[in-house]
Amino acid sequence: MRPEALEALTAALSITGNASSVHAEGRAARATLETAREEVRALAGAPVGGVVFTSGGTEAIHAGIRGLVNDGENSKKLTKIFVSSVEHAAVFSAAEATGLPVEKIPVDHHGVVDLDWLNKSLADYTAGGDLSDETVLVAVMLANNETGVIQPITEVADIVHSAGGLLLVDAVQAIGKIPLNFSMLGADLMAISAHKFGGPIGVGALITQPNLPIAPLMGGGGQEQNRRAGTHNVPAIAGFGKAALAARNDLRQIDRISKVRNSAERVVKNLGATVFGEGVDRLPGALCFSAPGFSSETQLMSLDLAGVAASAGSACSSGKSSPSHVLTAMGVDRDAARSSLRVSFGWSSTDDDAQAFCDAWSEAYTRIKSRAA
Ligand code: PLP
């Protein structure tokens, strides 16, 4: 956690009030909450009234997709959901939970969504009937959690809006790591999470166009303008705000982080690894590759023994034995997907960290290769 976030979270633990109460203690909690809302709003480029605090990215995604579908006030009824085939499991799960038909948008071998396919499919779908009171929802992530590949969201938004649809962008991996502006991206809904950029774990937000009706996932109090019920987790939200403030001032670190990543990338490539998403826009700290004959599990164990924490596929779903759906959607074969590794460098990563990874990884891979020879 960024020190500024930890300090704000710790200080807010001694606020006794409930942010919805009118007494002085409640007003103090409310002031902390609203300061954080402004800090998050500034980082996300969100409109006034467009930040709904949640427990994290997963809840924000469910709140956006299911809340939109469930709200009877929407002037247009949603009839279908299109999701990119490289989305996080939370997006597939939320889309399926609506009971609406769900179709996957294909990606190319870099993992970039096929814009022509999307254009044609939306045109075909909307030409198929009278859509004056119906609409579709499209979900495309900004940056992928395994490869770091960045999607052409403004182009996706143009296509979706020309077809009269709505766009949800999962920006959980991108926020705080690259400059990002909700309004300029053209999204209608956007999910973010604090812990991906140095904020506390267990807090996030759904960013919305203020006029978009969203039904709360759970009934209860009228918090967050009736869009998310439940007493606010003020300490976590306070830490989220300060992490957002720090990340905004820190975006100039992008070049430094990509240099750290590139130095590690050169080493793995020199030893024969194939890097995924190379040649297209990627997050500065993301490195995902496959090393022939070096299974993901063996790589993870060798690195862990050397004190390096990495992951294979999605960290949230590690332990799964099936190959990554992201790499599979990119056309990567099963063997290559089974020897893939995902290494992430962040705001606090240094050249020494990259060196520690390279030393541990190179030593283990050289050993494996010499045994196989
Ligand atoms: N979306 C993406 C792209 C993610 O990487 C993750 C978590 O890794 C999530 C959503 C879920 O976010 P959270 O862990 O805050 O629920």
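The structure displayed is predicted, hence computed values, not measured ones. Position labels on residues start from 1 in each chain and follow its written sequence. In keeping with the model being predicted, local features are shown solely for residues with a pLDDT of at least 70 and side-chain atom pairs are shown and tallied solely at 80 or more, while totals for entire chains, interfaces and linings include all residues. Hydrogens are left out, water is left out, and the side-chain values use all remaining heavy atoms of the structure.

### Remarks on the packing of helix α1 (residues 3-12) against helix α9 (residues 234-249)
Threshold: Axis geometry follows a simple rule: fit a line to the C-alpha atoms, using only the stretch in contact for helices, then measure angles between N-to-C directions, giving values from 0 to 180 degrees. Helix and strand definitions here come from DSSP, where helices need a minimum of 4 consecutive H or I residues and strands a minimum of 2 consecutive E residues; each element is numbered from the N-terminal end. Roughly parallel means an angle under 35 degrees; roughly antiparallel means over 145; roughly perpendicular covers 65 to 115; every other angle is labelled oblique. For a crossing to be left-handed, the near helix must be turned anticlockwise from the far one by less than a right angle; the clockwise case is right-handed. Residue contacts are counted whenever heavy atoms from the two residues lie within 4.5 Å of one another. Classification convention: Asp, Glu, Lys, Arg as charged; Ala, Val, Leu, Ile, Met, Phe, Trp, Tyr, Cys, Pro as nonpolar; all other residues, Gly among them, as polar.
Taken N-terminus to C-terminus, the directions of α1 and α9 make an angle of 155°; their axes are 7 Å apart at the nearest point. Here α1 lies roughly antiparallel to α9, going by the angle between them. Crossing of α1 against α9: the hand is right-handed. Residue-level inspection shows Glu 4, Ala 5, Ala 8, Leu 9 and Ala 12 of α1 in contact with α9, the latter providing Val 234, Pro 235, Ala 236, Ala 238, Gly 239, Lys 242, Ala 243 and Ala 246. Of the residues belonging to the contact of α1 with α9, the class tally is 10 nonpolar, 1 polar and 2 charged.

### Section: the pairing of strand β4 (residues 134-139)
We apply this condition: Think of it in three bands: with a 1.4 Å probe and only protein chains considered, a residue is buried below 20% of the maximum accessible area for its type, exposed above 50%, and partly exposed in between. A pair of strands is considered paired only if DSSP assigns at least 2 bridges between the two. Note on handedness: a clockwise path from strand one over the helix to strand two, with the strands aimed away from the viewer, defines a right-handed crossover.
By the criterion of burial, β4 is predominantly enclosed, with 5 of the 6 residues buried. Bridge analysis of β4 against strand β5 (residues 166-170) gives 3 bridges, and the strand direction is parallel. Among the inter-strand pairings, Leu 137 is bridged to a residue of β5, identified as Leu 166. Handedness of the crossover joining β4 and β5 through helix α6 (residues 153-162): right-handed.

### Things to note about the packing of helix α10 (residues 254-270) against helix α14 (residues 351-372)
At their nearest, the axes of α10 and α14 sit 9 Å apart, and the two run at 15° to each other. One element, α10, and the other, α14, form an angle in the roughly parallel class. In this structure, α10 crosses over α14, and the sense of that crossing is right-handed. Contacts between α10 and α14 pair Val 260, Ser 263, Ala 264, Val 267 and Val 268 from the former with Asp 351, Ala 354, Phe 357, Cys 358, Trp 361 and Ser 362 from the latter.

### Remarks on α6
Rule in force here: Directions are taken from the helix axis to each C-beta atom, and the arc is the one they span.
For α6, the full list of buried residues reads Ile 153, Val 156, Ala 157, Ile 159 and Val 160. What you see down the axis of α6 is that its buried residues fit within an arc of 165°, all on one side. Residues of α6 that are exposed and angled more than 90 degrees away from the buried face: Asp 158 and Ser 162. Directly after α6, the chain includes Gly 164, whose backbone phi takes a positive value near 80°.

### Side note on the sheet that holds β4
A sheet is described by the order of its strands in space; here 7 strands give the open sequence β1-β7-β6-β5-β4-β2-β3, paired in mixed fashion. This sheet does not close on itself; its edge strands, each paired only once, are β1 (51-54) and β3 (102-105). Averaged over neighbouring strand pairs, the angle between their axes works out to 20° when direction is ignored. Across the sheet, helix α4 (residues 89-97) lies against β2 (77-84), β3, β4 and β5, angled at about 155° from β2, the strand it touches most.

### Some points on the pattern of salt bridges
Short version of the rule: The salt bridge criterion pairs a side-chain nitrogen of Lys or Arg with a carboxyl oxygen of Asp or Glu, the two atoms within 4 Å.
All told, the structure shown has 13 salt bridges when counted by the stated rule. Close ionic contact of Asp 250 with Arg 2 constitutes a salt bridge, the shortest N to O distance being 2.9 Å. Of this pair, Asp 250 sits in the loop between α9 and α10 while Arg 2 sits in the segment before α1; the two residues are 248 residues apart in sequence, bridging distant segments of the chain. Residues Asp 250 and Arg 2 agree in their burial class; the two are buried. For Arg 261, the salt bridge is made with Glu 265, and the minimal N-O distance between the two is 3.8 Å. Residue Arg 261 and its partner Glu 265 are both found in helix α10; the two are separated by 4 residues, about one turn of the helix.

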